Amino acid sequence: MKTNTVLIVLAAADLIVASPLQWLGLQTKRQVLSQMNDADILQYTLTLEHLEDKFYREGLANFTKAEFKAAGYDKAFYENVQTISAHETAHVQFLTAGLKAAGAKPVAECKYAFGITSVEAFIATASVLEGVGTSAYLGAAKQIANKGYLTAAGSILTIEARHSAYLRANLRQSPFPQSQENPLTPDQVHTMASGFIKSCPAGNTKFPIKAFPGLTVTTSGKIKAGDQVHVQTNKYALAKGDKAAKLHAVFVTANGPVHARLTANKDGIHFTITIPKGIHGQSYLLLSNCDEAATTVPDETVVAGPTYLEIQ
Ligand SMILES: *[C@@H]1O[C@H](CO)[C@@H](O)[C@H](O)[C@H]1NC(C)=O
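An account of the accompanying structure is given in this report. As the structure is a computational prediction, the values presented were derived from the model and not from experiment.

Rules used throughout
Residues numbered from 1 in each chain as written. Predicted model: local features only at pLDDT ≥ 70, side-chain atom pairs only at ≥ 80, totals over all residues. Heavy atoms only, no water. Helix = DSSP H or I, 4+ residues; strand = E, 2+ residues; numbered from the N terminus. Buried < 20%, exposed > 50% of the residue type's maximum accessible area, 1.4 Å probe, protein only. Polar contact = N/O pair within 3.5 Å; in protein donor to acceptor, adjacent residues only side chain to side chain. Expected span 1.5 Å × (residues − 1). Near = heavy atom within 4 Å. Areas by Shrake-Rupley, 256 points an atom, 1.4 Å probe, with all protein chains shown as cover. Axes fitted to C-alpha atoms, helices over the stretch in contact; angles between N-to-C directions. Left-handed = near helix turned anticlockwise from the far one by under 90°. Contact = heavy atoms within 4.5 Å. Nonpolar A, V, L, I, M, F, W, Y, C, P; charged D, E, K, R; others polar. Phe/Tyr/Trp six-rings, centres within 6.5 Å; stacked < 30°, edge-to-face > 60°. Pairing = 2+ DSSP bridges.

### Concerning the environment of Thr134
You can see Thr134 is positioned in helix α7 (residues 119-140). Judged by its relative accessible area of 3%, Thr134 is buried. A polar contact is formed between the side chain of Thr134 and the backbone oxygen of Glu130, at a distance of 2.8 Å.

### Section: α7
Between its first and last C-alpha atoms α7 spans 31 Å; for 22 residues at 1.5 Å apiece the expected length is 32 Å, and the two agree. Counted residue by residue, α7 has 18 buried out of 22 residues, so it is predominantly covered.

### Topic: the site of the ligand
Neighbouring the ligand are the residues Phe55, Glu58, Gly59, Asn62, Phe63, Phe114, Gly115 and Ile116. The side chain of Asn62 places a nitrogen or oxygen atom 2.4 Å from an oxygen atom of the ligand. In the environment of the ligand, an oxygen atom lies 3.1 Å from a nitrogen or oxygen atom belonging to the backbone of Gly115. Here the ligand loses 67% of its free accessible area of 360 Å² to cover by the protein chains.

### Concerning the packing of helix α6 (residues 75-101) against α7
Following both chains from N to C, one finds α6 and α7 inclined at 35°, their axes separated by 13 Å at the closest point. The two elements α6 and α7 meet at a crossing, and its hand is left-handed. Residues Phe77, Val81, Ile84, Glu88 and Leu95 of α6 lie in contact with α7, whose contacting residues are Phe122, Ile123, Glu130 and Tyr137. Considering only residue class, the contact of α6 with α7 consists of seven nonpolar, no polar and two charged.

### What about helix α9 (residues 186-193)?
With eight of its eight residues buried, α9 lies for the most part within the structure. Buried within α9 are the following residues: Pro186, Asp187, Gln188, Val189, His190, Thr191, Met192 and Ala193. Elements in contact with the buried residues of α9: α4 (38-62), α7, β2 (197-199), β5 (248-253), β8 (281-288) and β9 (302-311).

### What about unusual backbone geometry?
With an omega dihedral of 10°, the bond running from Gly305 to Pro306 counts as a cis peptide bond. By the secondary structure assignment, Pro306 is in strand β9. A positive phi angle, near 60°, is found at Arg172, a position not held by glycine. Within the secondary structure layout, Arg172 lies in the loop between α8 (147-170) and α9.

### Some words on the packing of aromatic side chains
One pass over the full model with this rule turns up 13 aromatic pairs. Measuring from ring centre to ring centre gives 6.0 Å for Phe63 and Phe122, while their planes differ by 35°; the resulting arrangement is tilted. With Phe63 in the loop between α4 and α5 (65-70) and Phe122 in helix α7, this pair connects stretches of sequence that are 59 residues apart. Judged by centre distance (5.4 Å) and plane angle (50°), the ring pair of Phe114 and Phe196 falls under tilted. Here Phe114 is found in the loop between β1 (111-112) and α7, whereas its partner Phe196 is found in the loop between α9 and β2, with 82 residues between them in sequence. Overall, Phe114 belongs to the buried group, its relative accessible area being 9%. An aromatic cluster is built from Phe55, Tyr56, Phe63, Phe68, Tyr73, Phe77, Tyr78, Tyr112, Phe114, Phe122, Tyr166 and Phe196, whose rings are joined through pairwise contacts.

### Topic: the pairing of β5
Most of β5 is tucked away, with six of its six residues classed as buried. A two-sided burial pattern is seen for β5, the buried positions comprising His248, Val250 and Val252 on one face and Ala249, Phe251 and Thr253 on the other. As paired strands, β5 and β8 are joined by four bridges and run antiparallel to one another. Each bridged residue has a counterpart across the sheet, and for Ala249 the counterpart in β8 is Leu287. Here β5 runs beside strand β6 (residues 256-264); their pairing, made up of five bridges, is antiparallel. Across the sheet, the residue bridging to Thr253 is Gly256, located in β6. Connecting β5 to the next strand, β6, in antiparallel fashion are two residues.

### What to know about the pairing of strand β7 (residues 270-274)
Of all the five residues making up β7, four are buried; the element is thus mostly covered by neighbouring parts of the structure. Note that strand β4 (residues 228-232) and β7 share five bridges and pair antiparallel. Counterpart to His230 in the pairing with β7 is Thr272. Bridge count between β6 and β7: four bridges; the pairing is antiparallel. Bridging across to β7, Arg261 finds its partner in Thr274. Remark: five residues form the turn of the hairpin made by β6 and β7, two consecutive strands paired antiparallel; Gly268 in that turn has positive phi of roughly 75°.

### Concerning the side chain of Ser135
Note on placement: Ser135 falls in helix α7. Those residues in contact with Ser135 that lie beyond four places of it in its chain are Glu181, Asn182, Pro183, Leu184 and Tyr284.

So yeah, pure geometry; function would need other evidence.
Okay, structure coming up:
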């Protein structure tokens, strides 16, 4: 009884909804979680919104309605993409105004390299960005102290999730592949977002965020539970004598880490993982030194990734 009360108070303080096991995990990781204050979280979400906003404006400038049509996307779809683009601009304006009102200097847009050369790639990447955006807001929620900010962030989260579902449905993917969303930490999100960021204005406010070494999936085609998938990291190599057993392939899910079978190539850079059961949709895989019994993946145990995989 006493333990339950402590857990409930703790959960209320952290503004999270999670399983009791995760609450226990979070209790030991409070220092790590409180690294970012509310202004930092707003700067972080604004950084993501700038990326999305620029992405849609650039894509809609690159491709005409006729080119959308040639790619199999009708007028209604094109107009909805225009609306999504307008939403991202509104999110940038909303967060910028919020930061100014709080007395902070909002970060400005960076320079990006999206590498998009077709309508198909534009829409596929848009869908991934919306999924990552949704997971970013969800994962940041527990770090927001001010309940007013939490509601404001939630009001954006639900719209990013609708964008994601709409784009996924139009890509002939399940619009809602699982019953709970995967939460990502700011560093995990930044690891994926930083691949698109070329440079940012020198005057941009600094906040505590970092990218882990990148992880790339080299297997293409449809992926389902039981399949073997090849991944590689360029910046991480297993040290000589290191046992691959120390390294874990982990999917980040709402209910904690799900471990996947991992075999390491002798070069220490290439790995093969087996997709575990119960993981569907846009999923996030990372390599971690975390204990197999851990109920969260502490950022300090991440070796490479995350990367995303679409799992049927
Ligand atoms: C727009 O086109 C440029 C030049 O081809 C390309 O580098 C960029 O990635 C494209 N961006 C989008 C979002 O389509």
